[in-house]
Protein chains: 4
Amino acid sequence: MPKKVPSQALEVKDSISVGAVTTGKPLRADARRNRELILDVATKVFATEGLDVPIDEIANRAGIGIGTVYRHFPTKEELIEAVVFSFKQRLIEKASEMLEQNDPGQAFFNFLSLIVREGTGNKALIAALSRSGADIQRPLSGISLNFQNVLGELLNRAQQAGSVRSDIQVTDLTAILFSVLRTLEHNDDSGLSERILSVVCDGLRGRC
Amino acid sequence: MPKKVPSQALEVKDSISVGAVTTGKPLRADARRNRELILDVATKVFATEGLDVPIDEIANRAGIGIGTVYRHFPTKEELIEAVVFSFKQRLIEKASEMLEQNDPGQAFFNFLSLIVREGTGNKALIAALSRSGADIQRPLSGISLNFQNVLGELLNRAQQAGSVRSDIQVTDLTAILFSVLRTLEHNDDSGLSERILSVVCDGLRGRC
Amino acid sequence: MPKKVPSQALEVKDSISVGAVTTGKPLRADARRNRELILDVATKVFATEGLDVPIDEIANRAGIGIGTVYRHFPTKEELIEAVVFSFKQRLIEKASEMLEQNDPGQAFFNFLSLIVREGTGNKALIAALSRSGADIQRPLSGISLNFQNVLGELLNRAQQAGSVRSDIQVTDLTAILFSVLRTLEHNDDSGLSERILSVVCDGLRGRC
Amino acid sequence: MPKKVPSQALEVKDSISVGAVTTGKPLRADARRNRELILDVATKVFATEGLDVPIDEIANRAGIGIGTVYRHFPTKEELIEAVVFSFKQRLIEKASEMLEQNDPGQAFFNFLSLIVREGTGNKALIAALSRSGADIQRPLSGISLNFQNVLGELLNRAQQAGSVRSDIQVTDLTAILFSVLRTLEHNDDSGLSERILSVVCDGLRGRC
DNA sequence: TATGAATGAGCATTCATTCAT
DNA sequence: AATGAATGAATGCTCATTCAT
């Protein structure tokens, strides 16, 4: 039985080329701390205020210099991607957990529900995902590919169990998910989330 | 037998003065031409490149001076709204036509289908709907209200005819539409559109 | 005994080259009317809001087109000068009246008092005068010369009567006047006007 | 025997952070140099060309980027105020020195004389004073209040010594000073300055 | 002549990114 | 490594002036 991935996704920083330069060296302790700090703050700030927040703002709220932010993430774009990365990482963990469940249909719909719950009102998740996820044509790599894989796994099982209509593909699903999240971007009315989720789930079950 | 839509929803002003000041005077021939030119260009540009395109760009592509754009639309915001206005206007017209149809369910789903078809890859349309769909709390006015009214009419009839689940509200619907459009923003793959539309429609019919 | 100049200073329009093109032809009736209208509005608007008011504003308030304003005053600068012109014209009239008085000292100080009273809170008078009047080196011509002449006349007589210290020159005086007016630009507190006027008058009488 | 000015008026902050945010940290060497450079250039440029000079111009003349100007003074207004600040600061120092003199009347008139000398042809100084002198209603704060305090001190003593008429108030005085400076704005003819100063001083002594 | 539409240089301000300390 | 100062392209908007109707 697979152990749970540590929820903080810490082992990322140097082996995978997200942000910073990809040297083989592990980061110094303080640097690693800063990297995480930036990521945390950025995640929070992006989540609440959207991606238009200037880098200065993030540096300030993190209590560090702009230069430091840029040292870790040479580009705003890369910072955003790193944030997305963490999100996807978290979602992947959750998905893995769900895969353990017995009922494939249940697992699948639970996951959808989870995403909707996490994403409601989270501007960063949405805006960020919409960048890397909405463009379906683009071939995926790294984390996004992983994410898609787990999602596909969940989907397949549910389809094989007859809980989800069979003509749907993973890419359709991601598209739908991102789209729903975006809708909830400005609305934290949970009633709305529920109803939309319900519509989507019913729709995925297929015509009666 | 379907009644005609309440005239309130239909008598959208059709001649002049959207954005800018609403004087009674019709625009001079050349001004009207320019106004429409700007609107056309803006619509296209916004649709393809998003709302961040600078006004200069629009002016250039239209082959006119910046000042002219600002004469017609004193604010970028107003230009956007004018673009949105046209879109909603078109959709309202279509919706009105659909209301003539005998089968309320058919009418409703046809309209959804229409919107999806028109909206695929069209950022401006998405922005348009996002105004009435994204921020649900904000009370609507003018064209957006009209749009919501026609949509509500279509929805109600379909619900009374039992073609659509009854817990759905107009605002949910706009949210969903918006959501779907957003998804199709970067994807003109028609297969995707079809499947998503299908999922949404099935979902709206309700659990079997 | 000289008749009073008509207070509206109408005979200006074509013989003196202020504003418009200096053709010999008198203006058509409606043109003349417009010219005066513009001047009136500009005077009032400049007086209350300062010289930064856009020409559009003036045209609008006058209920005519911008083009018309520009036809009469090819440049904003010229419109301003025309406004100044009227002011000076009025002051010249008044000064002429004062010259009729028996007591030269009285006449002189009355005139100062008049200017202060008229100028208090009148942004246009002040800003305008400060343009054409504050630069003392520049040789005067036209109306400004006239103005200076009358003022000089008042001054001379008062000096000869021993009511004003003799080292003061007309240019000093205009400078002082403009300066006082500017001070009162933003203050309509009449107490202040009084005291400043009093200081200046006492100062002009000379050391006791 | 003249007491020292109340320390409140003197302890103007002298090191850093005028305009911008007032953090406790001293500026880095290069930053301080730039800040002063900007201030110098701005002072000179404002003084000679008025406050309408674009920020670009100032940046160019200082040989630095626009952004740098904005880093130090987030707003044009703040830059202007900083310039004003320096001026008033200098004047306050001078005034404090004068307060040391034995003869209160002498001290007072010397200060006036100083201001006139410094202010002749200096648009920035004029703007500076105009902040505290032009709009008398507005309650003062910070440096302007300090300035007014020292000036008031000088005035009071001179009045108590019988050298200045007693109906004059500090605000009248600033107004007058402002007024005189405005007059000298475009004129560096020292004869003019002298005569005007003389008139004002005599006027302030009061009717004989 | 009158009108007001068109023009575009000009300006304040922001922000991602680079670089000296 | 960290810092934060410097940079300057980019952007929304204004307004004097010109010109077609």
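Every value quoted in this text rests on a predicted model; they were computed, and no experiment measured them. (Residues numbered from 1 in each chain as written. Chains lettered and ligands numbered in written order. Predicted model: local features only at pLDDT ≥ 70, side-chain atom pairs only at ≥ 80, totals over all residues. Heavy atoms only, no water.)

To continue, consider the overall build of chain A. Counting secondary structure elements, chain A contains nine helices and zero strands. Start at the N end of chain A and walk to the C end: the helices and strands fall as α-α-α-α-α-α-α-α-α. A fraction of 69% describes how many contacts in chain A between residues 6 or more apart in sequence connect residues 24 or more apart. Only carbon and sulfur atoms are counted for the fraction: they give 49% of the accessible area of chain A, which is about 9,900 Å². (Helix = DSSP H or I, 4+ residues; strand = E, 2+ residues; numbered from the N terminus. Contact = heavy atoms within 4.5 Å. Areas by Shrake-Rupley, 256 points an atom, 1.4 Å probe, with all protein chains shown as cover.)

In the vicinity of DNA strand F lie 32 residues, with Thr68(A), Lys76(B), Asn34(D), Thr68(D) and Arg71(D) positioned nearest. Between DNA strand F and the protein, one listed contact pairs a base nitrogen with a backbone N or O atom of Gly67(D) at 3.1 Å. Thr68(D) places a polar side-chain atom, nitrogen or oxygen, 2.6 Å from a phosphate oxygen of DNA strand F. Mapped by element, the contributors of at least two residues to the surface near DNA strand F are α1 (29–49) and α3 (66–72) of chain A, α4 (66–72) of chain B together with α2 (29–49) and α4 (66–72) of chain D. Among the elements that take part in the surface near DNA strand F, α3(A) stands out by supplying five residues, more than any other. Grouping the amino acids of the surface near DNA strand F by side-chain chemistry returns 12 nonpolar, 12 polar and eight charged. (Near = heavy atom within 4 Å. Polar contact = N/O pair within 3.5 Å; in protein donor to acceptor, adjacent residues only side chain to side chain. Nonpolar A, V, L, I, M, F, W, Y, C, P; charged D, E, K, R; others polar.)

All told, the structure shown has four aromatic pairs over all chains when counted by the stated rule. Considering the side-chain rings of Phe108(D) and Phe109(D), the 5.1 Å spacing of their centres and the 80 degrees angle between planes classify their relative orientation as edge-to-face. The class of Phe108(D) is buried, set by a relative accessible area of 1%. A relative accessible area of 10% places Phe109(D) in the buried class. Positioned over the ring face of Phe109(C) is Arg205(C), at 4.3 Å from the centre of the ring. (Phe/Tyr/Trp six-rings, centres within 6.5 Å; stacked < 30°, edge-to-face > 60°. Buried < 20%, exposed > 50% of the residue type's maximum accessible area, 1.4 Å probe, protein only. Lys NZ or Arg CZ within 6 Å of the ring centre and 35° of its normal.)

Let us look at helix α2 (residues 29–49) of chain B. A turn of α-helix holds 3.6 residues, and therefore any two residues three or four places apart point the same way. Taking 1.5 Å per residue, 21 residues should reach 30 Å; α2(B) reaches 30 Å between its end C-alpha atoms and fits that length. What α2(B) keeps buried is the set Ala31(B), Arg35(B), Ile38(B), Leu39(B), Val41(B), Ala42(B), Val45(B), Phe46(B) and Ala47(B). (Expected span 1.5 Å × (residues − 1).)

Confidence along chain A averages 78 in pLDDT terms, with 74% of residues attaining 70 or more. Segment residues 1–23 of chain A: pLDDT under 50, and 35 contacts once partners within four positions in sequence are set aside and those in other chains are kept. (pLDDT = per-residue confidence, 0-100.)

Moving on, we come to the packing of helix α4 (residues 76–99) of chain C against helix α5 (residues 104–119) of chain C. Residues and elements named next belong to chain C. Axis separation between α4 and α5 bottoms out at 9 Å; the angle between their running directions is 155 degrees. When the interaxial angle is binned, α4 and α5 end up roughly antiparallel. Like other packed secondary-structure pairs, α4 and α5 cross with a definite hand, here right-handed. For the pair α4 and α5, contact is made by Arg90, Leu91, Lys94, Ala95 and Met98 and by Ala107, Asn110, Phe111, Leu114, Ile115 and Glu118, respectively. (Axes fitted to C-alpha atoms, helices over the stretch in contact; angles between N-to-C directions. Parallel < 35°, antiparallel > 145°, perpendicular 65-115°, else oblique. Left-handed = near helix turned anticlockwise from the far one by under 90°.)

Residue and element names in this part refer to chain C. At a minimum axis separation of 9 Å, helix α7 (residues 142–160) and helix α8 (residues 170–184) run at an interaxial angle of 105 degrees. Comparing the axis directions of α7 and α8 gives the class roughly perpendicular. For the pair α7 and α8, contact is made by Phe147, Gln148, Leu151, Gly152 and Leu155 and by Val170, Thr171, Leu173, Thr174 and Leu177, respectively. Counted by class, the contact of α7 with α8 contains six nonpolar, four polar and no charged residues.

Turning to the protein's contact with DNA strand E, a few remarks are in order. Inspection of the region around DNA strand E gives 31 residues, with Asn34(B), Thr68(B), Arg71(B), Thr68(C) and Lys76(D) positioned closest. Among all atoms of DNA strand E positioned within 4 Å of the protein, those belonging to sugar or phosphate total 68%. Here a phosphate oxygen of DNA strand E sits 2.6 Å away from a polar atom, N or O, in the side chain of Thr68(B). Going through the elements one at a time, α2 and α4 of chain B, α1 (29–49) and α3 (66–72) of chain C together with α4 of chain D are the ones with two or more residues in the surface near DNA strand E. The residue inventory of the surface near DNA strand E, partitioned by class, reads 12 nonpolar, 11 polar and eight charged.

Turning our attention to the pattern of salt bridges. On inspection of all chains with the given rule, the structure shows 28 salt bridges over all chains. A salt bridge links Arg205(B) to Asp202(B), with the nearest nitrogen and oxygen atoms 3.7 Å apart. Note that Arg205(B) and Asp202(B) are positioned in helix α10 (residues 190–205) at a spacing of three residues, about one turn of the helix. According to the relative accessible area criterion, Arg205(B) is partly exposed, its value standing at 28%. Ionic pairing is found between Glu49(D) and Arg61(D), a salt bridge with its closest N-O pair at 3.2 Å. In this pair, Glu49(D) sits in helix α2 while Arg61(D) sits in helix α3 (residues 55–62), placing the two residues 12 residues apart along the sequence. Judged by its relative accessible area of 41%, Glu49(D) is partly exposed. (Salt bridge = Lys/Arg side-chain N within 4 Å of Asp/Glu carboxyl O.)

Residues and elements named next belong to chain A. Over its 19 residues, helix α7 (residues 142–160) extends 27 Å from the first C-alpha to the last, a length consistent with the 27 Å expected when each residue adds 1.5 Å. What α7 keeps buried is the set Ile143, Ser144, Phe147, Gln148, Val150, Leu151, Gly152, Leu154, Leu155, Ala158 and Gln159. Positive phi shows up at glycine 162, right after α7, with a value of about 80 degrees.

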